[in-house]
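Below are the chains, spelled out letter by letter.
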Amino acid sequence: PEISAAVTILCRYTHNPSERHLKAAIHVLQYLKYAKKFGLLYTKSSKEHHLLHAFVDADWAGDHDTRHSTSGHVSVFCGCVVSWVSQQQTIVATSTTEAEYVALGTMAKEIVFLRNFLESIGFPQQVTPVWADNMAANFLSQHAKVSSRTKHIDIKFHHIRELIESEQIDIRHIDTKFNVADIA
């Protein structure tokens, strides 16, 4: 999971890599050589560990070529990562709030899938906490307030409000330095 952001960014330059990209790729390979002794350990020590929770983040306009933002999210179950994504957003977000809100919307779809999967294998879920560090995006996900800064956001990202209302997910604030989905 920890190299997914770096690999995603490097993949954008496979057709025309520069010396800088080659150095970055070598750095990733060196990290993998160092980290091969580590692994993922799933535990079943307590009922709390059987609760799915997620972390979400985005970098606003982080791709300097296209000005697209990158969404990152991490899902944790039984004390370990079960799903992670680092992907370029398909739209050009006009603000940090919009980039983070798009990331929340993308994560919400993943949570629906994971909740259904976990229930099918005998782990029904209560409300899934989603930890995000952008207070404006968190507020927007919980309130249908329209403003001049957010009125253009595509309706497909608003499905998160329905998931909150049906108590499938709960958006919670986390300080950026504790957000494991922070790709920077």
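Residues numbered from 1 in each chain as written. Predicted model: local features only at pLDDT ≥ 70, side-chain atom pairs only at ≥ 80, totals over all residues. Heavy atoms only, no water.

(A) Focus on the overall build of the chain. Across its full length, the chain holds five helices and five strands. Along its sequence from the N terminus, the chain presents helices and strands in the succession α-α-β-β-β-α-β-α-α-β. Projected onto its principal axes, the C-alpha coordinates of the chain cover approximately 50 × 50 × 30 Å. The buried share among the 184 residues of the chain stands at 39%. Counting only contacts in the chain whose residues sit at least 6 apart along the sequence, the fraction spanning at least 24 positions is 67%. When the accessible surface of the chain is totalled, it reaches about 11300 Å², and 58% of it is carbon and sulfur. (Helix = DSSP H or I, 4+ residues; strand = E, 2+ residues; numbered from the N terminus. Buried < 20%, exposed > 50% of the residue type's maximum accessible area, 1.4 Å probe, protein only. Contact = heavy atoms within 4.5 Å. Areas by Shrake-Rupley, 256 points an atom, 1.4 Å probe, with all protein chains shown as cover.)

(B) Highlighting the sheet that holds strand E1 (residues 53–59). In spatial order, the strands read E3-E2-E1-E4-E5; together these five strands make up an open sheet with mixed pairing. Sheet topology places strand E3 (80–88) and strand E5 (169–173) at the edges, where each strand pairs with a single neighbour. Here the average twist between neighbouring strands, direction ignored, is 20 degrees. One ladder, built from three bridges, connects E1 with strand E4 (residues 128–132); its direction is parallel. Following the sheet pairing, Phe 55 is matched in E4 by Trp 131. Along the sheet face, helix H3 (residues 96–120) touches E1, strand E2 (70–77), E3, E4 and E5 and points at about 155 degrees away from the line of E1. (Pairing = 2+ DSSP bridges. Axes fitted to C-alpha atoms, helices over the stretch in contact; angles between N-to-C directions.)

(C) Summary view of a nonpolar patch on the surface. On the surface, a cluster of nonpolar side chains totalling about 530 Å² of accessible area is made up of Leu 29, Tyr 31, Leu 32, Tyr 34 and Phe 38. Of note, Leu 29 is situated in helix H2 (residues 19–35). (Patch = residues over 30% accessible without salt bridge, like charges linked within 9 Å, V, L, I, M, F, W, Y side chains within 5 Å. Salt bridge = Lys/Arg side-chain N within 4 Å of Asp/Glu carboxyl O.)

(D) Structural context of the pairing of E2. Taking burial as the measure, the eight residues of E2 include eight buried ones, the bulk of the element. Going residue by residue along E2, you find Thr 70, Gly 72, Val 74 and Val 76 tucked away on one face and Ser 71, His 73, Ser 75 and Phe 77 tucked away on the opposite face as well. Examined bridge by bridge, E1 and E2 share seven bridges and lie antiparallel to one another. Note on E2: the bridge partner recorded for Asp 59 is Thr 70. Inspection of the sheet shows E2 paired to E3 by eight bridges, in the antiparallel sense. The residue bridging Ser 75 from the neighbouring strand is Ser 83, located in E3. Once E2 ends, the chain turns through two residues before running back antiparallel as E3, passing Cys 78 with a positive phi of about 55 degrees.

(E) Geometry of the nonpolar core. With 28 residues, the main nonpolar core has Tyr 101, Leu 104, Ile 111, Val 130, Ile 160, Ile 169 and Ile 171 as its most contacted residues. Broken down by secondary-structure element, the contributors of at least two residues to this core are E1, H3, E4, helix H4 (135–142), helix H5 (159–165) and E5. It is H3 that contributes the most residues to this core, 10 residues altogether. Setting aside its immediate chain neighbours within four residues, Val 130 contacts Ala 54, Val 56, Leu 104, Ile 111, Ile 169, Asp 170, Ile 171 and Arg 172. (Core = buried A, V, L, I, M, F, W, Y, C linked by side-chain atoms within 4.5 Å.)

(F) Geometry of the side chain of Ser 69. If you trace the backbone, Ser 69 turns up in the loop between E1 and E2. Residue Ser 69 is classed as buried on the basis of its relative accessible area, which comes to 0%. A polar atom in the side chain of Ser 69 sits 3.2 Å from the backbone oxygen of Asp 59. There is a polar contact of 2.9 Å between the side chain of Ser 69 and the backbone nitrogen of Ala 61. Beyond its immediate chain neighbours, meaning those up to four positions away, Ser 69 contacts Asp 59, Trp 60, Ala 61, Gly 62, Gln 87, Gln 88, Gln 89, Ala 93 and Ala 99. (Polar contact = N/O pair within 3.5 Å; in protein donor to acceptor, adjacent residues only side chain to side chain.)

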